[in-house]
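# Fold and geometry: a report
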Amino acid sequence: MKLSGKLAVIIFIGIFLATTLAIFIVAPLIDYLVPAALISGVLLKFLIILVFLILPITATIWWILLKSIVNPIESFNKAAKMISNGNLGQRVQVWTSDEIGELGSNINIMVTNLAKAFQSMAYSLRDERQKEKELSITLGQIEKERAKAEVLLSSIDEGIILIAQNQKIRLF
């Protein structure tokens, strides 16, 4: 059984037991306050009315709690599974402005920020690949020019003295 189902069952049992205990607390008071001749019929009617009132009231409270707590949690869980599978377009549906609604809003903000971060990473990767391509082209051009210079220098019979920018002398 899922956590949400367990929570619903525990809430239902808790409400039912609380109201049933109330009956057993009220019953001795009636026994004390009502004469013995009236107890058998009145108490039986009272208990029957309470049971028929308590069950619908308990079921109504359980249904309200189910709709306000359990269903949003299940919805968050489904959305979180889709998001964890990479669907960053998925959003959590927010129904209320209480803590559960605030949690849903925070999940939506987190997913939006995550999508922006992934988009930024994709743009950065694209830019880096473009720079790598440009550097590769530039390196190719430099190597071509170097090869031309080496061919030119090797074809010259006389020696060449080269003074570099750092004042070092190179002989060719």
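Analysis parameters
- Residues numbered from 1 in each chain as written.
- Predicted model: local features only at pLDDT ≥ 70, side-chain atom pairs only at ≥ 80, totals over all residues.
- Heavy atoms only, no water.
- Helix = DSSP H or I, 4+ residues; strand = E, 2+ residues; numbered from the N terminus.
- Buried < 20%, exposed > 50% of the residue type's maximum accessible area, 1.4 Å probe, protein only.
- Contact = heavy atoms within 4.5 Å.
- Areas by Shrake-Rupley, 256 points an atom, 1.4 Å probe, with all protein chains shown as cover.
- Salt bridge = Lys/Arg side-chain N within 4 Å of Asp/Glu carboxyl O.
- 1 Å grid on protein atoms, 1.4 Å probe; cavity = no way out; pocket = protein on both sides within 12 Å on 5 of 7 lines; lining within 4 Å.
- Points joined across faces, edges and corners; volume = space filled by probe spheres on them.
- Nonpolar A, V, L, I, M, F, W, Y, C, P; charged D, E, K, R; others polar.
- Expected span 1.5 Å × (residues − 1).
- pLDDT = per-residue confidence, 0-100.
- Patch = residues over 30% accessible without salt bridge, like charges linked within 9 Å, V, L, I, M, F, W, Y side chains within 5 Å.

Turning our attention to the overall build of the protein. The secondary structure content of the protein amounts to 3 helices and 2 strands. Secondary structure elements of the protein occur, N-terminal to C-terminal, as α-α-α-β-β. Split into buried and exposed, the 172 residues of the protein put 16% on the buried side. Look at the contacts in the protein between residues 6 or more apart in sequence, and 45% of them connect residues 24 or more apart. Looking at the protein as shown, the accessible area adds up to about 13600 Å², and 67% of this sits on carbon and sulfur atoms.

Turning next to the pattern of salt bridges. Summed over all chains, the structure comprises 4 salt bridges. With its nearest N and O atoms 4.0 Å apart, the salt bridge here joins Glu128 to Lys131. Here Glu128 pairs with Lys131, and both are found in helix H3 (residues 99–155), just 3 residues apart, close to one helical turn. The class for Glu128 is partly exposed, based on a relative accessible area of 47%.

In this structure the tally under the stated criterion is 1 cavity of 30 Å³ or more. The volume enclosed by the largest cavity comes to roughly 30 Å³. Listing elements by their share of the lining of the largest cavity, those giving two or more residues are helix H2 (36–84) and H3. Partitioning the lining of the largest cavity into residue classes produces 5 nonpolar, 3 polar and no charged.

For H3, which comprises 57 residues, the first-to-last C-alpha distance of 83 Å matches the rise-based estimate of 84 Å (1.5 Å per residue) to within 8%. Considered for burial, the residues of H3 that qualify are Ile100, Gly101, Gly104, Ile107, Asn108 and Val111.

For the rest of this paragraph, the subject is the side chain of Asn108. Checked against the element boundaries, Asn108 lands in helix H3. Setting aside chain neighbours within four positions, we find Asn108 in contact with Arg91, Val92 and Val94.

Now for the confidence of the model for the protein. Here the protein shows a mean pLDDT of 79. Residues at 70 or above account for 77%. The spread of mean pLDDT over the elements of the protein runs between helix H1 (residues 3–33), the lowest at 69, and H3, the highest at 90.

All right, on to a nonpolar patch on the surface then. A surface patch of nonpolar side chains, amounting to about 470 Å² of accessible area, comprises Val9, Ile13, Phe16, Leu17, Val51 and Leu55. Residue assignment for the nonpolar patch shows that the elements contributing at least two residues are H1 and H2. Among the elements that line the nonpolar patch, the one with the most residues is H1, at 4 residues. Mapping Ile13 onto the fold places it in helix H1.

Here we come to the environment of Val51. Inspection of the secondary structure puts Val51 in helix H2. You can call Val51 partly exposed: its relative accessible area is 40%. Expressed as a C-alpha distance, the spacing of Val51 and Phe16, which sit 35 residues apart in the sequence, is 10.0 Å.

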